[in-house]
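Observations on the model geometry
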Amino acid sequence: LPACQDSQLFIKDLHFGGVPTRIYLPREPSADKRRGVIFIHGGCGIFGSISKELKEKIICRYIARKSDSVVVSVGYHLAPEHKYPAQTLECLSVTLHFLKTAETYGVDPDRIIVCGDSVGGTFTASVCQELGHRTDIPKIRAQVLIYPFLQALNFNMPSHQKNAAIAFLSRERTVHFLLKYLNKDCSLKEPILAGAHVPESINLKYRKWINPDLIPDVFKLGYKPPLPTSFLPQVHGEVQELFEPWFSPLLAEDAVVCGLPDTCIVTCEHDVLRDEGLLYKKRLEDNDVRVTWHHMEKGFHG
């Protein structure tokens, strides 16, 4: 589909770093350099695009108009045809390109944020972790994580239990999609849901960051700790990607997290991923990163 017409915006299809992008530029001249927004759409890494997703086009137009910003929407290629971590690498490539060429589009390179919803929030978190300590490029001003997926170790958090059967993104469907994204056998779904893919050594290492005890009590009403499960080494060996910070940004070390920019996190009450946003909020605050948090009490994923 061609780029849409808009009376307030110039909308162009380009390639940044070899990756398809759609850029939204306000038509009204500006006396000063504008803000820049890199928007990374959701879709589990296997759905969605910059040309066919009406929701993404509406969001990008809205941001560009209301904040008088130049918005770059990332058209990363989808899995499983393009294997993980191609999606993260393409989002990183677009971000680097825009940071280096921002002034070409009338953007202040020191006022660029990266924003994403769902797995787009995952890619946003990974890009910001990767670039947080770089000194050869402008610093990302802020990251916006909209109900992001951030960890694949524990699928028995309070929000997983409470929203296990919620429409669109159920607990079971979450794991099904991540296996599809990694092009893995979906028969691994049940042991992963049970936590049989995680050895005790890894559970012990990361319980300081991924633990129901870290969730505020107000979000744990009715929560029941799961029964212990037996570790299955063969399952663990099949899904090593789940333990990489690029896939599970909550596993990044504190030395990485402390270099992150100001952050806005959006969570929804009726969302299996709610607690991941809450856990990341705590990690960021523990590392002196400034966080703004918006919780949508009647919100659903997507």
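Conventions adopted
- Residues numbered from 1 in each chain as written.
- Predicted model: local features only at pLDDT ≥ 70, side-chain atom pairs only at ≥ 80, totals over all residues.
- Heavy atoms only, no water.
- Helix = DSSP H or I, 4+ residues; strand = E, 2+ residues; numbered from the N terminus.
- Expected span 1.5 Å × (residues − 1).
- Buried < 20%, exposed > 50% of the residue type's maximum accessible area, 1.4 Å probe, protein only.
- 1 Å grid on protein atoms, 1.4 Å probe; cavity = no way out; pocket = protein on both sides within 12 Å on 5 of 7 lines; lining within 4 Å.
- Points joined across faces, edges and corners; volume = space filled by probe spheres on them.
- Nonpolar A, V, L, I, M, F, W, Y, C, P; charged D, E, K, R; others polar.
- Axes fitted to C-alpha atoms, helices over the stretch in contact; angles between N-to-C directions.
- Parallel < 35°, antiparallel > 145°, perpendicular 65-115°, else oblique.
- Left-handed = near helix turned anticlockwise from the far one by under 90°.
- Contact = heavy atoms within 4.5 Å.
- Core = buried A, V, L, I, M, F, W, Y, C linked by side-chain atoms within 4.5 Å.
- Domains from an automatic or database assignment.

A few points about helix 3 (residues 119-131)
The terminal C-alpha atoms of helix 3 lie 18 Å apart, and with 13 residues this matches the ideal 18 Å at 1.5 Å per residue to within 8%. Of all 13 residues in helix 3, 12 are buried; the element is thus mostly enclosed. Taken together, the buried positions of helix 3 are occupied by Val 119, Gly 120, Gly 121, Thr 122, Phe 123, Thr 124, Ala 125, Ser 126, Val 127, Cys 128, Gln 129 and Leu 131.

Things to note about unusual backbone geometry
The omega angle of the peptide bond from Ala 79 to Pro 80 is 0 degrees, so this bond is cis rather than trans. Topologically, Pro 80 is positioned in the loop between strand 4 (69-74) and helix 2 (86-101). Between Tyr 84 and Pro 85 the backbone carries a cis peptide bond, its omega angle lying at 5 degrees. Residue position: Pro 85 is located in the loop between strand 4 and helix 2. Even without being glycine, Cys 44 reaches a positive phi, approximately 60 degrees. Look at Ser 118: it is not a glycine, yet its phi comes out positive at around 60 degrees. Mapped onto the elements, Ser 118 comes out in the loop between strand 5 (107-117) and helix 3.

A short note on the layout of surface pockets
Put simply, the largest pocket is a space of about 690 Å³. If one sorts the elements of the lining of the largest pocket by residue count, helix 7 (residues 200-206) sits on top with 4 residues. Partitioning the lining of the largest pocket into residue classes produces 14 nonpolar, 7 polar and 4 charged. The volume enclosed by the second largest pocket comes to roughly 370 Å³. Counting residues per element, the ones that place at least two in the lining of the second largest pocket are strand 3 (34-40), helix 1 (54-67), strand 5 and strand 6 (142-146).

Comments concerning the packing of helix 2 against helix 3
Contact geometry for helix 2 and helix 3: axes closest at 9 Å, N-to-C directions at 60 degrees. The pairing of helix 2 with helix 3 is recorded here as oblique in orientation. Seen along the crossing, helix 2 lies across helix 3 with a hand that is right-handed. Mapping the contact onto sequence places Gln 87, Thr 88, Cys 91, Leu 92, Thr 95, Leu 96 and Leu 99 in helix 2 and Phe 123, Ser 126, Val 127, Glu 130 and Leu 131 in helix 3.

Let's talk about the nonpolar core
Membership of the largest hydrophobic core comes to 75 residues, with the highest contact counts inside it found for Ile 192, Leu 242, Phe 247 and Tyr 280. Composition of this core by domain shows at least three residues from each of domain 1 (9-151 + 246-300) and domain 2 (158-243). If you look at the next biggest cluster of nonpolar residues, it comprises 12 residues, including Ile 11, Cys 60, Ala 64 and Val 266.

Read these as geometric descriptors, not functional statements.
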